[in-house]
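Topology and contacts: notes
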Amino acid sequence: MNRIILITGTRKGLGKELVEYYLHKNDEVIGCSRGEGSITHDNYSHYMTDISDEKEVTKMVRDIKKKYKRIDILINNAGVASMNSILLTPVSTVKKIFDTNVFGTFIMTREVSKVMIHHSYGRIVNFTTVATPLNLEGEAIYASSKSAIESFTKVSARELSSYGITVNAIGPGPIKTDLIKGVPQDKLDSLIQTQVINRFGTIEDVTNVIDFFIDEKSDFITSQIVYLGGVCN
Amino acid sequence: MAIQEKVQEIICEIAKEIGEEQGNRDLINAKLDTPLYGVQGCLDSISLVRLTADLEEEVFNNFNKEIIIADESALSQKFSPFQSVASLTDYVVKLINEIDE
C-alpha cells in the first residue's frame, strides 16, 4: 500500500525536492504552499493553503481525508527565515516568522493528528535548525521560532504517543536552498566551520534522516531532534 | 430535526461507539446528563481527543459547517464544555450558530 505523505511548503526549495524524492519512491504525495504548485505528477496533489490560517488548513485536511481516507506522514517543512540584528528587526517580521514556523506547524499537527488517530498510526517530522543550539548572532527570531518547534516536538510526541503517532525533528545546517540566499558567504563559511563535519548539507542528508523517522519500523523513535553535520545541543 | 437535538444525537452516537470499544456502559447509554470529562467523567484525555475529532467531522457531514472544537477552558473542571453531553451540545450549537452570523 502506498504511503500518503503530506508535505508543507512544496512550491520550491527543500519542500519541492522532498516531493520529487518521495514521488520517486512511489508514495502518494500531497503538498501545499501559499502559491500554486510547481510539480505535475499523477501521484501529486497540490493545495494553495496558508498553513497559518486555521480555517484554510481545516478545509484542506478535511478534503484530503475525503479523497485519501488517511494521512500516514506529515512533514512540516514550510518555514521562513530572516537574518537581522534584533535592534533592527521590525515586529512585523517576528510575527511573520512565528506565523509560519510556529503557528503553522501547530495548526498542521493538530488537524492532521485528528486524521491519524483514526488509524492509530502516524509519523510527523518537524524542521528545526542548527541556529538554535548554536545561538547564532543575527538569527534571534528564526532560532527562537525553531526553539519553540523543538519544545513542541517533544511535548506533542508525548501527547500523541498513545495514538501510535511519533513526532521527531531534523535540524539541518546550511543547505543550498532559497532559505539561505540572503545569508552572506562569510557567515555561511564560519557556520560550516562550527560543524563537526565542515561542508554544506545536501538533500540526501535530509532525506536520510527523514526516511529513518518515518520508517514503519521506527515506532520506538519519537521526541528526537537530530542535527546534521555533528552539531550538538 | 432541530440543530440542538441533532447535535445531541451525534454526541451520544460517538460516545456509544467509544463506550462499546471500552466496555463503558455509561457511554453506551449516554444521555444529556452523562458526565464526559472531568470529575466522574467517562472519558480519559485520549478518548476526549477522539470524541472531538469525530464530532468535528460529523458536524461537517451533517451541517456542512467547519467548526474547530478547541477551547481555552477545555481542561478546566469548572467551565469546560466537555463536562457533560448537555454542555458539549450547547457549546457545539453555539459554534455552529457563530458561523451563520
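Source: prediction; values computed, not measured. (Residues numbered from 1 in each chain as written. Chains lettered and ligands numbered in written order. Predicted model: local features only at pLDDT ≥ 70, side-chain atom pairs only at ≥ 80, totals over all residues.)

1. Some thoughts on the overall build of chain B
This is how the line gets drawn: Only DSSP runs of H or I covering at least 4 residues are called helices, and only runs of E covering at least 2 are called strands; the numbering of each starts at the N terminus. For a compact globule the rule gives 2.2 Å times the number of residues to the power 0.38, and the radius of gyration it is set against comes from C-alpha atoms.
The number of helices and strands found in chain B is four helices and zero strands. Secondary structure elements of chain B, listed N to C terminal, follow the sequence α-α-α-α. Computed over its C-alpha atoms, the radius of gyration of chain B comes to 13 Å, within 12% of the 13 Å expected for a compact globule of 101 residues. Summarising its shape, the C-alpha atoms of chain B cover approximately 40 × 25 × 20 Å along the three principal directions.

2. Some thoughts on the overall build of chain A
Of the regular secondary structure elements, chain A holds seven helices and seven strands. Helices (α) and strands (β) of chain A occur, in sequence order from the N terminus, as β-α-β-β-α-β-α-β-α-α-β-α-α-β. Relative to the compact-globule value of 17 Å for 233 residues, chain A shows a C-alpha radius of gyration of 17 Å, a close match. The dimensions of chain A, computed from C-alpha atoms along their principal axes, are 50 × 35 × 35 Å.

3. Some points on helix H1 (residues 13-24) of chain A
Residue pairs spaced three or four apart in an α-helix point in one direction, given the helix's 3.6 residues per turn. Residue and element names in this part refer to chain A. Here is the rule we go by: In this scheme, a helix's expected span is set at 1.5 Å multiplied by one less than its residue total. With C-beta atoms placed from the backbone, a residue counts as buried when 20 or more other C-beta atoms lie within 10 Å of its own, as exposed when 12 or fewer do, and as partly exposed for counts between those limits. Throughout, a residue-residue contact means that the two C-beta atoms, derived from backbone geometry, are no farther apart than 7 Å.
For H1, built from twelve residues, the straight-helix expectation of 16 Å at 1.5 Å per residue is met to within 8% by its first-to-last C-alpha distance of 17 Å. Of all the residues in H1, the buried ones are Gly13, Leu14, Gly15, Lys16, Leu18, Val19 and Tyr22. Turning to H1, the residues buried within the fold contact strand E1 (4-8), strand E2 (28-33), strand E3 (44-48), strand E4 (73-76) and helix H7 (203-214). Asn26 occupies a position one or two residues after H1 and carries a positive phi of about 70°.

4. Describing the environment of Ala15(B)
Residues and elements named next belong to chain B. By the element assignment, Ala15 lies in helix H1 (residues 3-22). C-alpha separation for the pair Ala15 and Asn29, spaced 14 residues apart in sequence, amounts to 8.4 Å. Residues in contact with Ala15, not counting those within four places in the same chain, are Leu27, Ala30, Thr34, Leu51 and Val85.

5. Brief notes about the interface of chain A and chain B
Put simply, the rule reads: Throughout this entry, Asp, Glu, Lys and Arg are counted as charged residues, while Ala, Val, Leu, Ile, Met, Phe, Trp, Tyr, Cys and Pro are counted as nonpolar. The remaining residues, Gly among them, count as polar.
Chain A puts eight residues into the contact, and the matching count from chain B is seven residues. The dominant element in the side of chain A that touches chain B, judged by the number of residues it contributes, is helix H2 (residues 54-68) of chain A, at five residues. Broken down by class, the residue content of the side of chain A that touches chain B amounts to one nonpolar, two polar and five charged.

6. Here we look at the pairing of E1(A)
All names here are of chain A. To keep things clear, this is the line we draw: Here, strands pair whenever DSSP counts at least two bridges between them.
Counting buried positions along E1 gives five out of five residues, so the element sits mostly inside the fold. Because side chains alternate across E1, one face comprises the buried residues Ile4, Leu6 and Thr8, and the other comprises Ile5 and Ile7, equally buried. Here E1 runs beside E2; their pairing, made up of five bridges, is parallel. Paired with Ile4 across the two strands is Glu28, which belongs to E2.

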